[in-house]
Amino acid sequence: MPDLTELMQRMGQAALAASDVLGLAATTAKNQALSAAAAAIRAHKADILAANAQDLARARERQLSAALLDRLALDDKRVEAMAQGLTDIIQLADPIGTVMAQWTRPNGLDISRVRVPLGVIGIIYESRPNVTADAGALCLKSGNAVILRGGSESEASNRAIHACLQAGLKAANLPEACIQLVPTTDRAAVGLMLSGMTEYLDVIVPRGGKSLVARVQQEARVPVIGHLEGNCHVYVDRDADLAMARAIVLNAKLRRTGICGAAETLLVDRGCVETHLAPLVEDLLAAGCEVRGDATVEQVDTRVRAATEEDWYTEYLDAIIAVRVVDGVDAAVAHIARYGSAHTESIITANTATAARFLQRVDSAIVLHNASTQFADGGEFGMGAEIGISTDRFHARGPVGVEQLTSYKYVVRGTGQLRP
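Summary of the structure given here. (Residues numbered from 1 in each chain as written. Predicted model: local features only at pLDDT ≥ 70, side-chain atom pairs only at ≥ 80, totals over all residues. Heavy atoms only, no water.)

This part takes up the sheet that holds strand S4 (residues 145-149). Strand order across the open sheet formed by four strands is S5-S4-S3-S6, with parallel pairing between neighbours. Each edge of the open sheet carries a strand with a single partner, namely strand S5 (179-181) and strand S6 (203-207). With direction set aside, neighbouring strand axes in the sheet form an average angle of 20°. Sheet topology note: the S4/S5 ladder contains three bridges and is parallel. Its bridge partner being in S5, leucine 148 is matched across the sheet by leucine 181. The sheet contacts of helix H6 (residues 130-141) involve strand S3 (120-125), S4, S5 and S6, and relative to S3 the element is tilted by about 165°. (Pairing = 2+ DSSP bridges. Helix = DSSP H or I, 4+ residues; strand = E, 2+ residues; numbered from the N terminus. Axes fitted to C-alpha atoms, helices over the stretch in contact; angles between N-to-C directions. Contact = heavy atoms within 4.5 Å.)

Listed below in structure tokens is the structure:
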């Protein structure tokens, strides 16, 4: 194998060449590749699960947390979900070439704003092997070549899934370099993607923990579509239906604790403390969730631990939640503004005016009314899949799907006009 720098340079050159082809590829060819890749995932399910078992065995030897093991683990249902995600992306409209706006100037110039691919995307991710399928498929549909660098903990799973994507490209006569997987877990490869491949990569998308995000922010020399931590909140208003609140809080926190849309802080309006607080806290405790609360919450149950200032900032990714009593919706908004990560927040209330105030004033990528934060997912938004949830305000925000992986150019048609 060539040295790492040479290897990454070759991958970059191949990606550039592939992006030229893919950017002009017909929708039918891209959809054929996705269909064949989905079929390959289903046909090679046993191979994918065997590879995943190897990754899980190594992860347990390294004593990774239960949350990380859950992110890493695949089963029949999750493999089928990957394949179905590719099929769903086929059904999406091809964004490339879409005319976003069109107008004619008084001098007769016809101007159009048209969607185009970003070019070559580098994606650096950890733990979750389904990102290999989702990211590869979304980049393919949006006409972008991609270089994937997965985490060492999911190395075998990523290779098995990537082989299926390659089979799809081959079936559609598209360059296999359209979707490349860095074949080493050497952390130096990440450094090269961030600062040593500026002539090849047009954008970097990080998807991982705080240390990865911090490194990307510090070292990246190309634009970044950020995917920061998900310190998500559920606010239970005084006008919330209690049964609905109990169901949503449990789902938001415990459906899957290791995903970025899991609720990490529960805020309860002081106006409903007498009726709502104890049932909500007791439900969480009974379900095996550790509760860390303020002084009012501590009085509900002796099992509640005292919350520290750090708890309000924490993305646990585990069966732990911080609970605080606040003085109404404005105090909830203020808490989220101070401690949140601008990811996903939900209000539970029957009061439409209060809901509107929350939805307007909370400055997060996703805000919900009477729904679980675990809906923060591109698939649930009808995007087929997602590369991540962007907490940036520039270029893309919220679930990053095919449209968010495009830019645009202006196409101007004239009849010989000269500027005076």
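That shown, we press on.
Moving on to the packing of helix H8 (residues 188-195) against helix H9 (residues 210-219). Where H8 contacts H9, the two axes come as close as 9 Å, and the packing angle between them is 40°. As judged from the angle between their axes, H8 and H9 are oblique. Between H8 and H9 the crossing geometry is right-handed. Counting all contacts with H8, which are made through Val190, Gly191, Leu194 and Ser195, the residues of H9 involved are Arg215, Val216 and Glu219. Residue composition of the contact of H8 with H9, by class: three nonpolar, two polar and two charged. (Parallel < 35°, antiparallel > 145°, perpendicular 65-115°, else oblique. Left-handed = near helix turned anticlockwise from the far one by under 90°. Nonpolar A, V, L, I, M, F, W, Y, C, P; charged D, E, K, R; others polar.)

If you walk across this open sheet you meet the seven strands as S10-S9-S11-S8-S7-S12-S13, and the pairing is parallel. Strand pairing shows two members of the sheet lacking a second neighbour, strand S10 (305-306) and strand S13 (366-369), which therefore form its edges. Relative to strand S12 (residues 344-348), strand S7 (residues 232-236) runs parallel, the two being bridged by four bridges. Paired with valine 236 across the bridge in S12 is isoleucine 348.

The next thing to look at is the nonpolar core. Of all hydrophobic cores here, the largest spans 52 residues; its most connected members are Leu86, Ile123 and Ile387. With seven residues, H6 is the largest single contributor of residues to this core. When residues no more than four places from it in sequence are discounted, the contact partners of isoleucine 387 are Ile123, Ala135, Leu138, Cys139, Val205, Arg207, Val400 and Leu405. Counting 25 residues, the second-largest nonpolar core is a separate cluster that includes Ile248, Cys272, Val297 and Ile321. (Core = buried A, V, L, I, M, F, W, Y, C linked by side-chain atoms within 4.5 Å. Buried < 20%, exposed > 50% of the residue type's maximum accessible area, 1.4 Å probe, protein only.)

As a further point, take helix H5 (residues 76-91). Under the 1.5 Å per step criterion, the end-to-end length of H5 is 23 Å for 16 residues, consistent within 8% with the ideal 22 Å. If you follow the buried residues of H5, they end up packed against helix H2 (27-43), helix H3 (45-61), H6 and helix H7 (155-171). (Expected span 1.5 Å × (residues − 1).)

Structurally, isoleucine 124 is set in strand S3. In this structure isoleucine 124 comes out as buried when scored by relative accessible area, which is 2%. Each C-alpha atom, one on isoleucine 124 and one on isoleucine 336, is 28 Å from the other, the two residues being 212 residues apart in sequence. In this structure isoleucine 124 touches Arg149, Val190, Met193, Leu194, Ile204, Val205, Pro206, Arg207 and Leu212, once residues within four positions along its chain are discounted.

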